Amino acid sequence: MSISEPLESAPSPGLLSAQYDPAATEPAIYARWLQAGCFTADASRVRRTHGGSDGRVGEREERAPYTLVMPPPNVTAILHVGHGLNNTVQDVLVRWARMKGREALWVPGTDHAGIATQNIVEKQLAKEGLTRQDLGREKFVARTAAFVSETGGVILDQLRAIGCSADWSRTAYTFSPELSAAVREAFVRLHERGLIYKGHRVIHWCPRCLTSLSDEEAEPEEETGALYHLSYPLVDAGPDGPRALSVATTRPETMLGDVAVAVNPHDERYRSLIGKHVLLPILDLPIPVVADEYADPEFGTGVVKITPAHDANDFDVGRRHDLPMPVVIDEHGALREVEDAVGRVPLALQGLDRFEARERIVTMLRDLGRLERKEAHQHSVRHCYRCDTKVEPRLSDQWFVRMAPLAEPALEAVRSGRIRLLPEKWNGVYEHWMSNIRDWNISRQLWWGHRVPVWYCRDCDPPQDVIVAREDPDGCPYCGGPVTQDEDVLDTWFSSWLWPISTLGWPNENSTDLRTFYPTDVLVTAPEILFFWVARMIMSGYAFMGDAPFHTVYLHGTARDTQGRKMSKSLGNGIDPMDVVQLYGADALRWTLVSGMGLGADVMLDPADLEKSFATGRNFATKLWNIGRFLLNNVGTEPVRPLDSLDHASLGRADAWILERLDVAIRECDRAIGPLDPADGTWREEELGAGLRLNEYAETARRFVWNELADWYLEAIKTRLATEGDDREVARSVLVHVFDRALRLLHPIVPFVTEALWQRLPGHVDGTFLATAEWPAARTGAATDGRAGEFDLLRDIVEAMRRVRSEYAVPPNKSVDAFVVTAAANRTVVGDESPLVARLAKTALAVVDRAPAGPAANVIIPGGTEVIVPLEGLVDVQKECARLRSELAALEKQLTALEGRLSNAGFVERAPAHVVESERAKAGEWRARRDLMRARIEGLCGAT
């Protein structure tokens, strides 16, 4: 919608409802943001146009771009708390950048999710008694596309519900025509560079999904299995040598594909056996003993069975020794003679599932006397990242990308500081992985996905190379005959590794968006896809654009339950963010996630108690609303004077103090969020730890609005706001200014309640939005105002009085007399503001030269000022003295015993170090408590 079209009317300034209603407020505000185009980035505004900066949507001052790309959720996904965490962090950053004056673009989108989406549709077909083969490829793809079009936008609607300010006009989809063209272009370019090839190698295979997987998609899991020690008899064993070789395996079902056993050439135990043969048990096939350094003399017996078609390391050994590679397990994980395996699978074993066959083979080996022993064994087993099926290593024809040349610039980018990873602990992990990178298997045996852009001609004589083309060929370019396309599709990650460039228009390098918004700025994602996606995006950025796709990778923590378990559907311990939104509002969800998230730290939530988990966020939104109600009730709707039009001398002590505290809060928030980007393209050493400490940013903003603005400034100016005159106008001006800035500071985290309040501030201009307003700036060049320090003195006096009341259980409504002994320079301040102190502390305050006689509570506050509260008449002094002396005696007795234990050399030397340290810390705490009690007794009772 054009921003010039009339907007739905904004809420009228005036009194707020007694309670904040997020269910009614949030959808209406979001609709108005969309109607106004608040989130739509415009490349023409980048460093070109000039305009206002008052929150109006439209032309703005000259600006630089700021770009984030949303990690695309699966097109069939629904929002879970991990999505909520990830996208809230991104939204905080993009809203902050937008308010900082950048042309902020947050690109949203979804991933076609080849394996996951195909699995869902195949399950639907199974319920109808059909398979994809029954439909055929074309109809199956059409049905899957129809399913996606009906359900694929659910998660995007849910992201809107939690306030994500993405540019929805640029919503991308990895299977759209535009992004599909980018995928094909990338494949062709890499093939032209010799970086894509078809290889016959051992890959990870999922027998359930019936497709190959990359190393990253086959996730290792520790589990307890069994290690089987088998006896392979030697052929023509000498009279003095061993009769058999012992080998150990965790997968005896693969032994039917054994073609050799390997020993280390430097292992003296077996050197004489190299070149001889052993008999493969069950089949009685002679297989050679080969020498290879892959065999570790220190592990097991030092003898390794070699099964090249079913183990990646064995495959390498097989190639070095030119060994045959029979495949004895088929694509379904069943024993079958598949490739070069004639006579390898006995009839009794054919068709058995691999795990059933394992038990049958172990029984056969035991009966033959070839099972030496079986023992429990802890080892790592790879599982399919989608369906959790145990992966089967399997020899297969697949398409690969040569990764080493692509990894070099991507590795250097992190080493040089062009890209920083946060937290920095991931640098070493990234460097290790990139330095040892293996070629990427990119072909998948699916129908849903980008089909490999390769064609074959069967008529050419002699046979020609494969045909790799940007456009579907009409026929063979060599002979004109018919061609057939490769059946495989590309790994889903092969499209998503292009995400930062394909979503901006690549391969059209003249694309305005690509030229304007690339490179992007910060990538926000989870550590588990650092290599699935992040590293590959860095590689593709350098391969196709010659530059890094972003300058910072923020790897946030994980949402976990109170037992420390990662939240997941399978464990049943997840939280549906939409439930939280419906109960407490999106702001409550967002505040809880951001305020509880340290840099890279996990967020702990209780799925069994949403009230407990999200009360902090709900309470904060309520507090903010109540502050707004007080302000509007006491300030009214009439416009206030601009702060910079006020005479500085007209500001009161509380005014000067809150303005200084605002400056401090702004600077601390800016430091916590951090620089928008490195000034010179690389991160300097002092900047490596800067920024993206979002929990610190949240706490700074909360502390300012709650503890300083609400608890102190609002309380301090209540009388001024209720009294007509110029001083009231000054207080109104300062209060509205400060609350306006507080709302701006908080807006990126809690956008809905802040927008609702901001639009009701006196003098608000209809058609302007906090979402596009200017981020607050601390005053520059302003010297520290002495009046702010004077208000700090008053705060210290009030807090001292409140502490005395608490310690001596003085009823809150009971008025108290107190005396202040302070420096001459402070006497006027205390005298002038004694009515304020009296109201805030219910205390009649008098300035004196020295403390009056009699029992009293004495408090020394910073700067040396002493506050004295006579206790005669407030408490039963004798009874209180007796109680305090009794408590002191008990404490000193305990402390004496503890100090005796710590002075005992035997205890200190024998006890665990952490126990000794804990006892020493306890002794320090008890000494401090003893000294405090002695001071209280002396002040109240006159002697200890």
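In every chain, residue numbers begin from 1 and rise along the written sequence. Per-residue local features are limited, in this predicted model, to residues with pLDDT of at least 70; the limit for side-chain atom pairs, both in listing and counting, is 80 or more; totals at the level of whole chains, interfaces and linings are taken over all residues. Side-chain metrics in this entry use all non-hydrogen atoms of the structure; hydrogen atoms and water are not considered.

1. A closer look at the overall build of the protein
Only DSSP runs of H or I covering at least 4 residues are called helices, and only runs of E covering at least 2 are called strands; the numbering of each starts at the N terminus. Helix and strand content of the protein: 29 helices and 31 strands. Buried residues are those whose accessible area, probed at 1.4 Å on protein chains only, stays under 20% of the maximum for their type, while exposed residues exceed 50% and partly exposed ones sit between those limits. The burial tally for the protein puts 54% of its 944 residues in the buried class. By the convention used here, residues are in contact when the closest approach between their heavy atoms is within 4.5 Å. Within the protein, residue pairs in contact and separated by at least 24 positions form 76% of the contacts whose partners lie at least 6 positions apart. In this description, accessible areas are obtained by the Shrake-Rupley approach with a 1.4 Å probe, and a residue is regarded as covered only by the protein chains that are shown. For the protein, the accessible surface area stands at approximately 40,500 Å², while carbon and sulfur atoms represent 49% of it.

2. Observations concerning the packing of aromatic side chains
Planes of paired rings set the category: under 30 degrees apart is stacked, over 60 is edge-to-face and the rest tilted, where pairs are Phe, Tyr or Trp rings (Trp by its six-membered ring) whose centres lie within 6.5 Å. Tallied over the entire structure, the rule returns 22 aromatic pairs. With centroids separated by 4.7 Å and ring planes inclined at 90 degrees, the aromatic side chains of Phe 175 and Trp 448 adopt a geometry described as edge-to-face. One end of the pair, Phe 175, is in the loop between strand 4 (172-173) and helix 7 (177-192); the other, Trp 448, is in the loop between strand 19 (443-444) and strand 20 (454-457), with 273 residues separating them in the sequence. Given a relative accessible area of 2%, Trp 448 falls into the buried group. The interplanar angle of 65 degrees and the centroid separation of 6.3 Å between the aromatic rings of Phe 187 and Phe 494 together place this pair among those described as edge-to-face. Of the two residues, Phe 187 is situated in helix 7 and Phe 494 in helix 12 (residues 492-496); the sequence distance between them amounts to 307 residues. One residue, Arg 160, lies across the ring of Trp 168, its end atom 4.2 Å from the ring centre. Whether a charge lies above a ring is judged from NZ of Lys or CZ of Arg, which has to be within 6 Å of the ring centre and within 35 degrees of the ring normal. The aromatic ring of Phe 400 is capped on one face by Arg 201, whose charged end is 4.2 Å from the ring centroid.

3. Some details on the sheet that holds strand 22 (residues 483-485)
Strand order in the open sheet formed by three strands is 21-20-22, with antiparallel pairing between adjacent strands. For this open sheet the edge positions go to strand 21 (467-468) and strand 22, each flanked by a neighbour on one side alone. When DSSP finds two or more bridges between two strands, those strands count as paired.

4. Some words on the pairing of strand 31 (residues 866-870)
With four of five residues buried, strand 31 lies mostly within the body of the structure. Where strand 28 (residues 816-821) lies against strand 31, three bridges are found, and the strand directions are antiparallel. Along strand 31, the bridge assignment pairs Phe 819 with Ile 868. Inspection of the sheet shows strand 30 (residues 856-860) paired to strand 31 by five bridges, in the antiparallel sense.

5. Describing unusual backbone geometry
For the bond running from Asp 461 to Pro 462, omega is 5 degrees, close enough to zero to count as cis. Inspection of the secondary structure puts Pro 462 in the loop between strand 20 and strand 21. Of note, the bond from Tyr 518 into Pro 519 is cis; its omega dihedral lies within 30 degrees of zero at 0 degrees. Summarising the element assignment, Pro 519 is placed in the loop between helix 14 (512-517) and strand 24 (522-525).

6. Points about the pattern of salt bridges
In the sections that follow, a salt bridge refers to a side-chain nitrogen of Lys or Arg positioned within 4 Å of a carboxyl oxygen of Asp or Glu. If you walk through the whole model with that rule in mind, you get 64 salt bridges. Here Arg 693 makes a salt bridge to Glu 696, at a shortest N to O gap of 2.8 Å. Residue Asp 792 is joined to Arg 795 by a salt bridge in which the shortest nitrogen-to-oxygen separation is 3.0 Å. Taken together, the residues Asp 792 and Arg 795, both in helix 24 (residues 786-807) and three residues apart, mark about one turn of the helix.

7. Brief notes about the side chain of Asp 167
Within the secondary structure, Asp 167 is located in the loop between helix 6 (154-161) and strand 4. According to the relative accessible area criterion, Asp 167 is buried, its value standing at 1%. Think of a polar contact as two N or O atoms within 3.5 Å of one another; within protein, one of them needs to be a possible hydrogen donor and the other a possible acceptor, and neighboring residues in sequence only count if both atoms come from side chains. Within the structure, the side chain of Asp 167 is placed 3.1 Å from the backbone nitrogen of Ala 41, a separation counted as a polar contact. Contacts of Asp 167, omitting those with residues within four sequence positions, involve Phe 39, Thr 40, Ala 41, Leu 105, Trp 106 and Pro 108.

8. Focus on the side chain of Thr 865
Secondary-structure assignment places Thr 865 in the loop between strand 30 and strand 31. In this structure the side chain of Thr 865 is engaged in a polar contact, spanning 2.7 Å, whose partner is the side chain of Thr 822. When sequence neighbours within four positions are dropped, the list of residues in contact with Thr 865 reads Leu 793, Val 820, Val 821, Thr 822, Asn 826, Val 859 and Ile 860.

9. Structural notes on the packing of helix 19 (residues 653-673) against helix 24
The interhelical angle for the contact between helix 19 and helix 24, taken along N-to-C directions, is 100 degrees, at an axis separation of 7 Å. The pairing of helix 19 with helix 24 is recorded here as roughly perpendicular in orientation. Residues Arg 653, Ala 654, Ala 656, Trp 657 and Glu 660 of helix 19 form the contact with helix 24, whose participating residues are Arg 787, Ala 788, Glu 790, Phe 791, Asp 792 and Arg 795. When its residues are assigned to classes, the contact of helix 19 with helix 24 shows five nonpolar, no polar and six charged. Angles shown run from 0 to 180 degrees and are taken between the N-to-C directions of axes, each axis being a line fitted to C-alpha atoms and, for helices, limited to the stretch in contact. An angle below 35 degrees is read as roughly parallel, one above 145 as roughly antiparallel, one from 65 to 115 as roughly perpendicular, and any other as oblique. The classification used treats Ala, Val, Leu, Ile, Met, Phe, Trp, Tyr, Cys and Pro as nonpolar, Asp, Glu, Lys and Arg as charged, and all other residues, Gly among them, as polar.

10. Remarks on helix 17 (residues 586-595)
Along helix 17, nine of the 10 residues are buried, which leaves the element largely enclosed by surrounding structure. All buried positions along helix 17 are accounted for by Ala 586, Asp 587, Ala 588, Leu 589, Arg 590, Trp 591, Thr 592, Leu 593 and Val 594.

11. Digging into helix 15 (residues 530-545)
Taking burial as the measure, the 16 residues of helix 15 include 14 buried ones, the bulk of the element. Backbone geometry just after helix 15 places Gly 546 at a positive phi near 75 degrees.

12. Things to note about the pairing of strand 25 (residues 552-555)
Where burial is concerned, the two faces of strand 25 agree: the one with Thr 552 and Tyr 554 and the one with Val 553 and Leu 555 are both buried. Pairing of strand 24 with strand 25 involves four bridges; the strand directions are parallel. Bridging across to strand 25, Val 524 finds its partner in Tyr 554. Assessed by its sense of winding, the connection that carries the chain from strand 24 through helix 15 to strand 25 is right-handed. Orient the strands so they point away from the viewer; a crossover is then right-handed if the path from the first strand over the helix to the second runs clockwise.

13. A look at the sheet that holds strand 25
Neighbouring strands of a sheet are bound in pairs by backbone hydrogen bonds; such pairs are parallel or else antiparallel. Taken in spatial order, the three strands of this open sheet run 17-25-24, and their pairing is parallel. Because the sheet does not close on itself, it has two edges, and the strands there are strand 17 (420-422) and strand 24. Sheet twist, expressed as the mean angle between neighbouring strand axes with direction ignored, is 15 degrees. Seen against the sheet, helix 15 touches strand 24 and strand 25 and runs at an angle of roughly 170 degrees to strand 24.

14. Focus on the packing of helix 10 (residues 404-416) against helix 15
Between helix 10 and helix 15, the shortest axis-to-axis distance is 8 Å and the interhelical angle comes to 110 degrees. The pairing of helix 10 with helix 15 is recorded here as roughly perpendicular in orientation. The residues of helix 15 that touch helix 10, namely those facing Leu 406, Ala 407, Pro 409, Ala 410 and Ala 413, are Ile 538, Met 539, Tyr 542 and Ala 543. The class makeup of the residues in the contact of helix 10 with helix 15 is nine nonpolar, no polar and no charged.

15. Concerning the environment of Thr 503
Tracing the sequence through the fold places Thr 503 in the loop between helix 13 (499-502) and helix 14. Of the residues examined, Thr 503 reaches a relative accessible area of 12% and is grouped as buried. Separated by 325 residues in sequence, Thr 503 and Glu 178 place their C-alpha atoms 8.6 Å apart. In this structure Thr 503 touches Val 69, Val 107, Ala 172, Leu 179 and Leu 498, once residues within four positions along its chain are discounted. A polar atom in the side chain of Thr 503 sits 2.6 Å from the backbone oxygen of Trp 499.

16. A few points about the environment of Leu 105
Take Leu 105: it is sitting in strand 2 (residues 103-107). In the structure, Leu 105 is positioned 833 residues away from Glu 938 in sequence and 66 Å away in space, judged by C-alpha atoms. Each residue touching Leu 105, except ones within four places of it in the same chain, is listed here: Ala 41, Tyr 66, Thr 67, Leu 68, Val 94, Asp 167, Arg 170, Leu 504 and Phe 517.

17. Comments concerning the confidence of the model for the protein
Values of pLDDT, which run from 0 to 100, indicate the predictor's confidence residue by residue. Residues at a pLDDT of 70 or more form 96% of the protein, whose mean pLDDT is 90. Across residues 48-61, confidence stays below pLDDT 50; counting only partners more than four residues off in sequence or on other chains, it has 43 contacts.

18. Re the state of the cysteines
Cysteine sulfur atoms are paired as a disulfide whenever they come within 2.5 Å of each other. Evaluation of the coordinates by the stated rule reveals zero disulfides. Not engaged in a disulfide, the cysteine Cys 206 finds its nearest cysteine sulfur in Cys 387; these two sulfurs lie 3.5 Å apart. Classification of Cys 206 as buried rests on a relative accessible area of 0%.

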